[in-house]
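Structural features, examined
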Amino acid sequence: MEKFIIHGGRPLKGEIRVNGAKNSALKILAAALLTDDNCRITNIPQIEDVFRLVELLTDIGVKVKNGSRGDYLLNAKGIAKSSLSPDIAQKLKGSILMTAPLLARLGRADFPQPGGCVIGQRPRDIFIDGFKAFGASVRETAKGYSLLAKKIRGAKFVFPLVSVTATETMILLAVLAKGKTDLINAACEPEIVALADFLNKMGAKITGAGTPFVKIEGVSHLKGGNCEIMPDRIEGGSFALLAAAANSSVKINGINPSHLEVLWFLLEKVGVNFELGRDFVKIKPAQELKAVSVKTHEYPGFPTDLQAPFTVLMTQASGLSLIHETIFEGRLFYTDTLNQMGAKIIMCDPHRVVIQGPTKLFSRRLVSPDIRAGIAMVSAALIAKGESTIENIYQIDRGYEKIEERLQKLGANIKRTDKLL
Ligand code: EPU
């Protein structure tokens, strides 16, 4: 099992570029299943979640050519298998996205029970109600779900709560449905806009993506298309928070600053010294950081995926901050590990912690529970004096491509090893 060894306590310096967005790439790859024609998708991050999705696509008969640097050519003409391999699908929560194109193309889709997830329950009820609303029959077994539909009919569907992947799945289902679809209380993330833009390029008729009201007029078929994956706003935000927590001078290139407005607002209140450009943010050392409270919210609110890196920053800020995680019920347990490093964090309940800062952090042996807590641990280990190890780095590799090599270029002392220590 690989791990990271980090010698922390030294400031970082230099420039780092964000890659294509994980949470867009997975959806665009699923969209390519909706056509017999070729789709060329570029700027795909080379991360474990993408590798798992490509394995799933290949397994059902999609031809995937992986060119250089995240340039993929896909052709789904030959798809023949409607069931997702449980072994692969359970490693990737987003694999449920593939069920919509499979239903639309083959009239059937089978997917496994989602399995446990450290950040929360991740229920599937909204998806199931959505599939039914579009005319599919759903059979649940101990192993998973079987969806059957002779014909997908457009529908009015109201999301009882805002769900990113459920919104994307219903969009993927509605584009080839017969008739009109109205999605109400849809998620508004920029990745959803990117998905709708790509599908429209392929011939779909979607309006309103990026608002809670999405309208879709079904079409009989889609053609192929090209798509460049948008920059990863969560990677950009993670790097900005990491640089601010390490009180360093780092320029983060290739971002779309308008995707992170609430983060910039909060960083200003914290007293982070930064400069925003058209496609970059430059973080510079600051005099004093002030504690600021944050509540995660669906886009355009503060992203739950940046909550853990923000918490690490708050361990370096003066005063009390309340972190309120509203989206997932299991996404604050990593704070216990930060306490073992010297942080002063009190958990009020599974959704809220209070941080008393600033505190010195000390090196430790760490285990990454999920992608975002994982990057927060990298950040904490870079601040902490001495040698830390981080285990279970598959979780970090799921979302951040070759993170150690990119941080080494900023002067970080971080190494990947598979040696037993
Ligand atoms: N929910 C239900 N029922 C459902 C579906 C969702 O109750 O059928 C609940 C969830 O339990 C959660 C809330 O709805 O409490 C919102 O979750 P959502 O469905 O929006 O999350 P997701 O679509 O599964 C995506 C990202 C996550 C990101 C969340 C929130 C992808 C592949 N994943 O997950 O990304 O945290 O939206 O923004 O797009 C990550 O990248 O580290 C990550 C976890």
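Residues numbered from 1 in each chain as written. Predicted model: local features only at pLDDT ≥ 70, side-chain atom pairs only at ≥ 80, totals over all residues. Heavy atoms only, no water.

Quick look at the overall build of the chain
Each helix and strand in the chain was counted, giving 14 helices and 23 strands. Taking the principal axes of the C-alpha coordinates as reference, the chain spans close to 60 × 45 × 40 Å. Relative to its full complement of 421 residues, the chain shows a buried share of 57%. Partitioning the contacts of the chain with sequence separation of at least 6, the portion at a separation of at least 24 is 71%. Surface summary for the chain: the accessible area is close to 17300 Å², and the carbon and sulfur share equals 51%. Each charge sign in the chain was given a centre, from 55 positive and 42 negative side chains, and these centres are 2 Å apart. (Helix = DSSP H or I, 4+ residues; strand = E, 2+ residues; numbered from the N terminus. Buried < 20%, exposed > 50% of the residue type's maximum accessible area, 1.4 Å probe, protein only. Contact = heavy atoms within 4.5 Å. Areas by Shrake-Rupley, 256 points an atom, 1.4 Å probe, with all protein chains shown as cover. Lys, Arg positive; Asp, Glu negative; His and termini not counted. Charge placed at Lys NZ, Arg CZ, Asp CG, Glu CD.)

Let's talk about helix H5 (residues 125–133)
Those residues of H5 that fall on the buried side of the exposure criterion are Ile 126, Phe 127, Ile 128, Gly 130 and Phe 131. Contacts made by the buried residues of H5 are with helix H4 (99–106), strand E6 (108–112), strand E7 (137–140), strand E8 (144–148), strand E9 (156–158) and helix H6 (164–174). With its phi angle positive at about 100°, Gly 135 sits one or two positions after the end of H5.

Details of the site of the ligand
The ligand sits among 22 residues. The nearest are Asp 125, Ser 163, Thr 165, Asp 305 and Ile 327. Between the ligand and the protein, one listed contact pairs an oxygen atom with a backbone N or O atom of Ile 126 at 2.9 Å. Ile 327 places a main-chain nitrogen or oxygen 2.6 Å from an oxygen atom of the ligand. The protein chains hide 88% of the 830 Å² of surface that the ligand would expose on its own. Of all the secondary structure elements, the ones that give two or more residues to the shell around the ligand are helix H1 (22–31), H5, H6 and helix H12 (371–383). When grouped by side-chain class, the residues that make up the shell around the ligand number 10 nonpolar, 4 polar and 8 charged. (Near = heavy atom within 4 Å. Polar contact = N/O pair within 3.5 Å; in protein donor to acceptor, adjacent residues only side chain to side chain. Nonpolar A, V, L, I, M, F, W, Y, C, P; charged D, E, K, R; others polar.)

What about the nonpolar core?
For soluble globular proteins, nonpolar side chains are generally found buried alongside one another. Counting residues in each nonpolar core, the largest one holds 77 residues, and the members touching the most others are Phe 131 and Leu 199. When near neighbours in sequence (up to four residues on either side) are disregarded, Phe 131 contacts Thr 99, Leu 103, Phe 111, Ala 136, Val 138, Leu 147, Thr 169, Met 170 and Leu 173. (Core = buried A, V, L, I, M, F, W, Y, C linked by side-chain atoms within 4.5 Å.)

Considering the packing of aromatic side chains
Following the criterion strictly, the structure yields 5 aromatic pairs and no others. Within the aromatic cluster, the residues linked to one another by ring pairs are Phe 111, Phe 131 and Tyr 145. Against the face of Phe 280 rests Lys 251, its NZ or CZ located 4.5 Å from the ring centre. (Phe/Tyr/Trp six-rings, centres within 6.5 Å; stacked < 30°, edge-to-face > 60°. Lys NZ or Arg CZ within 6 Å of the ring centre and 35° of its normal.)

Some words on the state of the cysteines
By the definition in use, this model includes 0 disulfides. Cys 39 takes part in no disulfide bond, and the closest cysteine sulfur, belonging to Cys 227, lies 9.1 Å away. Cys 39 sits in the buried class, given a relative accessible area of 0%. (Disulfide = S-S within 2.5 Å.)

Focus: the pairing of strand E3 (residues 38–42)
Pairing of E3 with strand E5 (residues 72–75) involves 4 bridges; the strand directions are antiparallel. Residue Cys 39 lies in a different strand from E5, and its bridge partner there is Leu 74. Sheet analysis places E3 next to strand E13 (residues 225–228), joined by 4 bridges and oriented parallel. Counted as the bridge partner of Cys 39 is Gly 225 from E13. (Pairing = 2+ DSSP bridges.)

Comments concerning the pairing of strand E18 (residues 319–324)
Summarising the sheet, strand E17 (residues 294–295) and E18 pair through 2 bridges and their orientation is parallel. The partner of Lys 295 across the bridge, within E18, is His 324. For the segment spanning E17, helix H10 (residues 307–314) and E18, crossover handedness is right-handed. One ladder, built from 6 bridges, connects E18 with strand E20 (residues 352–357); its direction is antiparallel. Bridge pairing in E20 places Ser 321 opposite Ile 355. (Right-handed = clockwise from strand over helix to strand, strands pointing away.)

Description of the pattern of salt bridges
Inspection of every chain in the model, using the stated rule, returns 19 salt bridges. Among the charged side chains, a salt-bridge network with shared partners connects Glu 2, Asp 397, Glu 404 and Arg 416. (Salt bridge = Lys/Arg side-chain N within 4 Å of Asp/Glu carboxyl O.)

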